Amino acid sequence: MNLIRVGISLMIIGVAILLISNSFLPRVYNVMINTVNNTTVSMDVNSKYLMSIYIKSPAYIVVMLNDSYPLPIYVFDSFGHVLTPLNYKQEGGIYLVMFPLLEHGNYSLVLLNDNSTPLNVSLLVTSISQYMVSNAVILSTMMDLGVVLFIIGVLFVTINILYIVRSNPKNEIKT
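Residues numbered from 1 in each chain as written. Predicted model: local features only at pLDDT ≥ 70, side-chain atom pairs only at ≥ 80, totals over all residues. Heavy atoms only, no water.

A.B. asks: Residue-level account of the overall build of the chain, with values.
C.D. replies: Scanning the chain for helices and strands turns up 2 helices and 9 strands. Its helices and strands taken in sequence order, the chain reads α-β-β-β-β-β-β-β-β-β-α from the N to the C terminus. The globule rule puts the C-alpha radius of gyration for 175 residues at 16 Å, and the 26 Å found for the chain is more than 25% above it. Overall, the chain is about 85 × 35 × 25 Å in size when its C-alpha atoms are taken along their principal axes. In the chain, buried positions account for 32% of the 175 residues. Once local pairs closer than 6 in sequence are excluded, the contacts in the chain between residues at least 24 apart make up 84%. Of the roughly 11,100 Å² of accessible surface on the chain, 61% is carried by carbon and sulfur atoms. (Helix = DSSP H or I, 4+ residues; strand = E, 2+ residues; numbered from the N terminus. Rg over C-alpha atoms; globule rule 2.2 N^0.38 Å. Buried < 20%, exposed > 50% of the residue type's maximum accessible area, 1.4 Å probe, protein only. Contact = heavy atoms within 4.5 Å. Areas by Shrake-Rupley, 256 points an atom, 1.4 Å probe, with all protein chains shown as cover.)

What follows is the structure, encoded as C-alpha cells:
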C-alpha cells in the first residue's frame with residue numbers, strides 16, 4: 001500500500017512539473033527570436049549582397065531564405081574571420097542557415113548568386129541570445145523530468161496493484 005502512495009505522489013509531482021514548465025515554454029519561444037533584418041533582395045547573375053549586422057547578445061544567428069534556391073551564405077566577424085554554419089537545411093521551400101556567434105559586435109553577411117538566373121530573395125535574419133537558449137533547454141529538461149516522474153509513478157502503482165491481485169487469489173483488496 002505504501003508503494004501506491006509513493007506512485008501517486010510521483011504522478012502528481014510529474015504532472016505539476018509538466019504544467020508549470022508548459023506554461024512558461026510559449027513565452028520563452030516567443031521572446032527567443034529577435035528580428036535583426038527582414039528585406040527582399042534582388043540579385044543578378046554572379047552578384048553579391050553584403051549586409052552589416054550588429055549583435056549585442058550573441059548565441060546564434062539564423063538566416064532564412066524564402067523564394068530561393070540554396071545560395072552560398074557567409075558570415076564574417078569584425079576581424080574578417082569566416083564563421084562556419086552549424087547547419088543548412090530546407091523546410092518547405094525555405095532555407096535555414098544557423099551560425100554560432102562568439103561575441104557581441106559587428107558581423108557581415110554575404111550572399112552570392114552564382115546560378116544562371118536572376119533572383120528575388122526574401123531574407124530574414126534573426127538572432128537568438130544565449131540566455132534564451134539556456135531557458136529553453138532548462139524548460140525542456142524540466143518537461144522531460146516531469147514525464148519520467150509520471151511514468152515511474154504509474155509503474156509503481158501498476159506493479160503494486162498487480163502484486164496485490166496475484167497474492168490475493170480471491171481478489172479481495174484490503175485497505
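A.B. asks: Got a sec to walk through the environment of Met43? Specific residues and values, please.
C.D. replies: Mapped onto the secondary structure, Met43 falls in strand E1 (residues 34–43). Here Met43 is in contact with Lys48, Tyr49, Leu71, Leu111, Leu112, Asn113, Pro118 and Leu119, once residues within four sequence places are set aside.

A.B. asks: Lay out the environment of Ser23 in plain terms, naming residues and giving numbers.
C.D. replies: Position of Ser23 relative to the elements: it lies in helix H1 (residues 2–32). Here Ser23 falls in the partly exposed class, since its relative accessible area comes to 38%. Sequence-wise, Ser23 and Leu139 are 116 residues apart; in three dimensions their C-alpha atoms are separated by 9.9 Å.

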